Amino acid sequence: MTESANAFFNDLIGNATGGMYVARLGRVVKFYHETQSADVLPLPSKDNSTVLNAPVCTVRSSDFLIYYPLKPGDMVVILFCDNDTENIKLGSDSAQTERSHDVSDAVVLGGFTLLKDKLQVADAEALCIQNTDNTGNIVINKTGDVTIKAKHFSVKAERIDLN
C-alpha cells in the first residue's frame, strides 16, 4: 500500500511541476570571462542539454568585484529564476513573457567542493584568498593581521606609504 501511495504522489507532483526547474548541480562546459557567463551541463547529465550563456553570480557591486575564472569541469549550482529574466539581464526592468522556472532563466553560482574532495585551507579560522593547492594565499585573521604567501610577489603602484 505504501509503495503505491508513494508512486501516486510522485506522479501527482511530477505532473503538477512538469518542466519546472528550481536548482540543479552542474558542471561547467565553457566559461566566458568577458561577460562572466558560462555554458553549464545540469547533472546527472543523462537526457539533459547544456544551458547556454548563463550569468555567473559572484561577489560584486557597482565599483568592486571578486573575479575567479571557472574552468571546464568545475562544479556549480544552477538556479532557475521565478520569472523571465532576458530583459533584466540586459539592464531593463521588464519581462518579455510569463514563463517561470525556465531553463532560459538560469544563473550560475560558481564553484563548490565535492564531498569526496578535501581543501587545503591556509587558515580555517580566517578569511583566505588562495589557489586550490595553497601555493599562494592571502590570509586576514580576526585580529587584523595579514599574511601573504607567494612564489613571486610584485607591487605596481604610483606611490607606497609604509607606517
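Residues numbered from 1 in each chain as written. Predicted model: local features only at pLDDT ≥ 70, side-chain atom pairs only at ≥ 80, totals over all residues. Heavy atoms only, no water.

## Some remarks on the sheet that holds strand S1 (residues 23–32)
With mixed pairing, the five strands of this closed barrel are ordered in space as S1-S2-S3-S5-S4. The average undirected angle you get between the axes of adjacent strands in this sheet is 50°. In this sheet, strand S5 (residues 106–110) lies alongside strand S4 (residues 75–80) in antiparallel orientation, the contact comprising five bridges. Looking at S5, one finds that Phe80 is bridged to Ala106. (Pairing = 2+ DSSP bridges. Helix = DSSP H or I, 4+ residues; strand = E, 2+ residues; numbered from the N terminus. Axes fitted to C-alpha atoms, helices over the stretch in contact; angles between N-to-C directions.)

## Concerning the packing of aromatic side chains
Here the structure, examined in full by the defined rule, presents one aromatic pair. An angle of 40° between the planes, with centres 6.4 Å apart, marks the rings of Phe31 and Tyr67 as tilted. A residue pair is termed long-range when its members are at least 10 positions apart, and Phe31 in strand S1 and Tyr67 in the loop between strand S3 (51–57) and S4 qualify at 36 residues. (Phe/Tyr/Trp six-rings, centres within 6.5 Å; stacked < 30°, edge-to-face > 60°.)

## A short note on the pattern of salt bridges
The tally for this structure, following the rule as stated, stands at three salt bridges. The shortest N-O distance in the salt bridge between Asp47 and Lys46 comes to 4.0 Å. What makes Lys46 exposed here is its relative accessible area of 68%. Taking the shortest distance from any N to any O, the salt bridge between Asp161 and Arg159 comes out at 2.6 Å. Looking at Asp161, the relative accessible area reads 52%, which means it is exposed. (Salt bridge = Lys/Arg side-chain N within 4 Å of Asp/Glu carboxyl O. Buried < 20%, exposed > 50% of the residue type's maximum accessible area, 1.4 Å probe, protein only.)

## Section: the confidence of the model for the protein chain
Atomic detail in the predicted coordinates should be set aside for any region of low pLDDT. This prediction gives the protein chain a mean pLDDT of 84; 86% of its residues lie at or above 70. Confidence, expressed as mean pLDDT per element, reaches its minimum in the protein chain at helix H1 (residues 2–16) with 57 and its maximum at strand S8 (residues 146–149) with 96. (pLDDT = per-residue confidence, 0-100.)

## Some remarks on the pairing of S3
One ladder, built from three bridges, connects strand S2 (residues 37–42) with S3; its direction is antiparallel. For Ser37, the partnering residue across the bridge sits in S3 and is Pro55. Direction of pairing for S3 relative to S5: parallel, over a ladder of two bridges. Residue pairing for S5: Cys57 is matched across the bridge by Leu109.

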